[in-house]
Every structure is written in structure tokens, then in C-alpha cells.
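Coordinate inspection notes
Residues per chain, in single letters:
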Amino acid sequence: MTPRSSLRIAAAGIAIECATFSPLPSELSDFDVLRGDALLPRYPFASAHPDIDFAPIMQAHAVPGGVLRRSVYDALKDEILTGLRKGGPWDGVYLDMHGAMAVDGLEDAEADFIGAVRGVVGTSCLISASYDLHGNLSAAIMNQLDLITAYRTAPHEDALETRARALDLLIRCLRAGIRPAKAFIPIPLLLSGERAMTIVEPGRRVYAKIEDVIDGERVLDASLLVGFTWADQARSQAAALALGPDSAATWSAARLLAAAYWEARHEFGFGVPAGSTDECIAMALSSSATTVFLSDSGDNVTGGGAGDVPYVLERLLTHHVPKTLYAGLADAAAVQACFAAGTGTRLSLSLGGKLDPVHGRPRSVTGAVVKLHESKVSGRQVIFRVDHVDVILSERRLAFTTLAQFTELDIDPLVYRIVCLKLGYLFPDFQRIAPEAIMAISPGAINALPDTLTFHKIQRPIFPFDRDMEWSP
């Protein structure tokens, strides 16, 4: 390639994590769609390159959910392709992705999307992508991309850093006239995110090797993807990859990462005590900790769960738990009833089981409306008190991942004996404050033991489905 001084770079992407086991389809309403200059706050690092003509076109990112409707995907893709055609020619394109999109009628949605982008911008344009480490890669994807880099933390704390790295790598290669060699090694290993955290062993030491294999000259970057477990697709598996001018060095780096991950496969655990819902409630009640954070992992909204399976709520009420916060339950009808009734009103509601009737049945309860709240971001929410349990009801599917979401509702989670969240692992805000954390392997589309689910399309053999298999990179 010929080095380029004045560069025109487009930015675009479709980012969603789709659980094919979820009965709830993903819709356009699940996406936050940003266009043009409205995207610049997502890419503050672009200002470090004032000599670059950086042109954000459109980026759509969504709450994880079920399979995306084809009509929605086609509309988003077509808008991006139209923008690329109108604004071209381009020296480079940065794709702001997740990597675990599933679309009706497509076996490899990212390959379809990236291939369509390549068809518009041509073979001389470099394409760089940022991925979540829970993305699923394929040879078809790697054949269309020139550069790709992924998160290195789970729970995720490096999203902005990863986006910046993807753009920096693209600019560096364009300026130097480099089309880097790519080493891509699929690993027949598929663990749930809760079993592959990077803040505990063995994930901590395995992911530390990424920095060790990058020398900045022969190997420009490397990534290790855990993959997304709850997508029954042929590309669902882990992967190691490396990029750089030196093909031999990149393959050596990718093999080292793949081998390290594979060799540690039997060591990966949940990182916190786990068990059935009743076992975990018993653990919480017997704990000496002032507050216990309990994950309702089967209905984990950040993995694509519907967020309206009331099973764990039912078990908490059955056990007559002391002061407990349940965050939360998506139920637009219940929220509407509470807003109509008003604060302080006692009423009977049928909660949950509307979005995911496969895994949950409605729970009839009687309680009091404690608080009504409405915001542009979260929509309408209600705190509904049933016995000693404060249930946060929302008209939209919400994942509670930050303390700010509780602050907005004037809630201090640490005044409760138990805080139940529809998550798998706790996100960083809660990791930092939780006196104790446990995880319930509860019913739902996001089963924390995916090897107990029925898969039809994943490539076999694969660990842990085939525990005695042998493999080498």
C-alpha cells in the first residue's frame, strides 16, 4: 500500500448481542440510533487526529435481546451503505460493532454487513472494527476486515479504549501504507461470560498475555474473544487473533493466546458462590454481610434475557425475606396501572411472564405504589412494595448496571439486606461496593449452564459440551 497523508475515514456500525434462545425478537425500538455529529461524543478520541477527515455516518447500538428482525437489520444496513456511497471515496472505515448479532434468515449477520460495506468502499480501503470480547468471529468476517480489536475486560471497563484503539490502528496502517497480516485461530471452547471473567483467575492471567505478545512493531495488536454462548450458530466459539506486518510473529502470538486459553479451560468457574435460587437465598439469609447482591442470571438482560421472568421474585416472597430490592421487572402494563393508581395506593398486579412466557409465568401480588418516576433515558419506572420487597418495575427492558440508575430513583442499595439484579456477573459499580455477591442459576433464556441447553448448529466437538476432547492450536 502507498502511505497516505490526508485521510478520509468513515465511522458506522450496528452493535447488538442476540440470544437465539430468547423468545423475544429485537426491534428497532431497542436501538439507540445516532447519526452524523450526534456520534462525536461516542468518539472523543477522534479529536486527537485533527488532520483526519473523520466522518461519522450512523451507529446503532441496542440492549441485548433475541434475534433481530430482518426488516430492521436491512433498514439499518441500507442507511449506512447509502451514507458510505454518498460520502465516498474513503481511505478507511471504522466499524463500531459488538459481534454477536443474529438476524432472521442470516447465518452470519456480521459477515453479511461487513461484506456489504466492503462491496461499497472497495478493496483498496482499509476496514477496522472494534468488538466486544463476547463477539463471535468467522473466517468470512476476518476475510473482509483488515483490522479488528476487542475488549480485554469482563466485566467491561474498556469500551472507549477499545474504540480508540481500533481507530488508532487504522490511522497508523493507512499512514504507513501497511495492510497487516492477520492470524485467526478459532478455539473449540464456549464458556458463558460468567465463567470467563478477567478480574479473577484464570481469566486474569490469560488476558494479561495479550499485552505480552504485542511489541508494537511486528505485532500491532492481539485479541482473545470468549465468544457469545447463547447464540446457536456455527461461529459460536472462542477465538484468538493477532495483527501486524510480520506474518510469522502474528501467528506465533495468536497460537500462544489460543494455547493459554485452552490449557486453562478446566479452571474457569463462576467467580462467586452459585447454586439454585433457593440455595442462594438461603446463603444470603445466613450471610454475615450487611448486604448481599444476588444475580438472577437466567433472566440476565445484559445477555439478552427478557427481563420479565418473575421466578426469583416469587422465591424471595415465598422465603419471606427481610428488606430486599428487586431490580427489576419489565412490565409496561403494571407500570401503567401504578401510574393510573398513584403513589401510596395499594393494588393487586399480575407481574411478568408477558415478554418471555416460555420461561416465566405471571405472579399475582398485592402491594403499594411507593414511587413513580419518569425519565427520557429509562422511561417510566415504579417502586412497588410487596411485603418487605421493593420491586422496580419499568415499562422498558432495563439492565441495572450502574449506581446512577439507583441514584436517579433515590435508592441506596446498601440499606437493603438483599439486592437482586437481573445480571450474571456484577458490573464494575456493584463489584466495588458489594459486601458479598452470589449468583442464582435461575430459569430463563440466559441459562448460566449453557451445556445443559439444546444446541443444533454449534460445531462439535467443543468444550465443555465435549469435556474429553483433545485440541491444539
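On to helix 4 (residues 159-176), then. For helix 4, spanning 18 residues, the distance from its first C-alpha to its last is 26 Å, which sits close to the expected 26 Å at 1.5 Å a residue. Where helix 4 is buried, its residues touch strand 1 (8-15), strand 3 (53-62), strand 4 (92-96), strand 5 (126-131), strand 6 (147-150) and strand 8 (221-225). At the exit of helix 4 stands Gly177, carrying a positive phi of roughly 70°.

What follows covers helix 5 (residues 203-213). Considered for burial, the residues of helix 5 that qualify are Gly203, Val206, Tyr207, Ile210 and Val213. The arc that holds the buried residues of helix 5, viewed along the axis, is 105°, so those residues lie on one side. Taken together, the buried residues of helix 5 touch strand 8 and helix 6 (247-263).

On to the sheet that holds strand 3, then. Taken in spatial order, the six strands line up as 2-3-1-4-5-6 in an open sheet, and their pairing is mixed. Two strands close off the open sheet at either side, each with one partner strand: strand 2 (31-35) and strand 6. For this sheet, the mean inter-axis angle between neighbouring strands, taken without regard to orientation, is 15°. Across the sheet, helix 4 lies against strand 1, strand 3, strand 4, strand 5 and strand 6, angled at about 165° from strand 5, the strand it touches most.

This part takes up the nonpolar core. Formed by 53 residues in total, the largest nonpolar core has its most connected members in Ile187, Tyr261, Phe406 and Leu421. Tallying contributions element by element places helix 6 first for this core, with eight residues. With 48 residues, the next largest nonpolar core counts Ala10, Ala62, Phe113 and Ile141 among its residues.

Here we take up the packing of helix 1 (residues 70-87) against helix 2 (residues 109-121). Two packed helices can be described by the angle between their axes and the distance between those axes. The contact between helix 1 and helix 2 brings their axes to 9 Å, and the two run at 20°. The angle between the axes of helix 1 and helix 2 places the two elements in the roughly parallel class. Our pair here, helix 1 against helix 2, has a crossing hand that is right-handed. Listed contacts from helix 2 to Tyr73, Lys77, Ile80, Leu81, Leu84 and Arg85 of helix 1 are Ala109, Asp112, Phe113, Ala116, Val117, Val120 and Val121.

Moving on to the environment of Ala260. Position of Ala260 relative to the elements: it lies in helix 6. Judged by its relative accessible area of 12%, Ala260 falls in the buried class. Separated by 54 residues in sequence, Ala260 and Val206 place their C-alpha atoms 6.1 Å apart. Each residue touching Ala260, except ones within four places of it in the same chain, is listed here: Val206 and Lys209.

Before going further, it helps to examine the sheet that holds strand 7 (residues 181-187). An order of 7-9-8 is seen for the three strands of this open sheet, with the pairing classed as antiparallel. Unpaired on one side and paired on the other, strand 7 and strand 8 mark the two borders of the sheet. Geometrically, the sheet is characterised by an average inter-axis angle of 10° between neighbouring strands, direction not taken into account. One ladder, built from seven bridges, connects strand 7 with strand 9 (residues 238-244); its direction is antiparallel. Residue pairing for strand 9: Ala181 is matched across the bridge by Gly244.

One pass over the structure, following the stated rule, counts 13 aromatic pairs. For the pair Phe293 and Phe430, a centre-to-centre distance of 5.9 Å together with 35° between the ring planes defines the contact as tilted. Remark: Phe430 occurs in helix 11 (residues 428-433) and Phe293 occurs in strand 11 (residues 292-296); sequence separation between them is 137 residues. In this pair, the class of Phe293 matches that of Phe430, namely buried.

At a minimum axis distance of 10 Å, the contact between helix 5 and helix 6 shows a crossing angle of 170°. Taken together, the axes of helix 5 and helix 6 lie roughly antiparallel to each other. Here helix 5 contributes Val206, Lys209, Ile210 and Val213 to the contact with helix 6, which in turn contributes Ala253, Leu256, Leu257, Ala260 and Tyr261. Taken together, the residues of the contact of helix 5 with helix 6 break down into eight nonpolar, no polar and one charged.

Turning next to the pairing of strand 4. Counting buried residues in strand 4 gives five out of five residues, a clear majority hidden from the surface. Burial along strand 4 is two-sided: Gly92, Tyr94 and Asp96 facing one way and Val93 and Leu95 facing the other are all buried. Inspection of the sheet shows strand 1 paired to strand 4 by four bridges, in the parallel sense. Across the sheet, the residue bridging to Ile9 is Gly92, located in strand 4.

We now examine the side chain of Gln381. In this fold, Gln381 is placed in strand 15 (residues 379-386). Under the relative-accessibility criterion, Gln381 is labelled buried at 2%. Once residues within four sequence positions are removed from consideration, Gln381 is found in contact with Phe339, Lys371, Leu372, His373, Ile392, Leu393, Ser394, Leu398, Phe400, Glu408 and Leu409.

Within the secondary structure, Thr198 is located in the loop between strand 7 and helix 5. In this structure, Thr198 is in contact with Arg152, Thr153, Ala154, Gly203, Arg204 and Tyr207, ignoring residues within four places of it in sequence.

Among the structural elements, Ala109 can be located in helix 2. The class for Ala109 is buried, based on a relative accessible area of 0%. Remark: the alpha-carbon pair of Ala109 and Tyr73, spanning 36 residues in sequence, is separated by 9.0 Å. The residues contacting Ala109, other than those within four sequence positions of it, are Tyr73, Met101, Val103 and Arg235.

This part takes up unusual backbone geometry. Along the chain, Glu201 connects to Pro202 via a cis peptide bond; the corresponding omega equals 5°. For the peptide bond that leads from Ala327 to Gly328, omega is 0°, which places it in the cis range. In this structure, His320 takes a positive phi of about 50° despite not being glycine. Mapped onto the elements of the fold, His320 is located in the loop between helix 8 (311-318) and strand 12 (324-330). Of the residues examined, His320 reaches a relative accessible area of 64% and is grouped as exposed. Positive phi is not limited to glycine here, since Asp410 has a value of about 60°. Inspection of the secondary structure assignment puts Asp410 in the loop between helix 10 (403-407) and strand 17 (418-421).

Rules used throughout
- Residues numbered from 1 in each chain as written.
- Predicted model: local features only at pLDDT ≥ 70, side-chain atom pairs only at ≥ 80, totals over all residues.
- Heavy atoms only, no water.
- Helix = DSSP H or I, 4+ residues; strand = E, 2+ residues; numbered from the N terminus.
- Expected span 1.5 Å × (residues − 1).
- Contact = heavy atoms within 4.5 Å.
- Buried < 20%, exposed > 50% of the residue type's maximum accessible area, 1.4 Å probe, protein only.
- Arc of directions from axis to C-beta.
- Pairing = 2+ DSSP bridges.
- Axes fitted to C-alpha atoms, helices over the stretch in contact; angles between N-to-C directions.
- Core = buried A, V, L, I, M, F, W, Y, C linked by side-chain atoms within 4.5 Å.
- Parallel < 35°, antiparallel > 145°, perpendicular 65-115°, else oblique.
- Left-handed = near helix turned anticlockwise from the far one by under 90°.
- Phe/Tyr/Trp six-rings, centres within 6.5 Å; stacked < 30°, edge-to-face > 60°.
- Nonpolar A, V, L, I, M, F, W, Y, C, P; charged D, E, K, R; others polar.

Remember, this is a structural readout, not a statement about activity or role.
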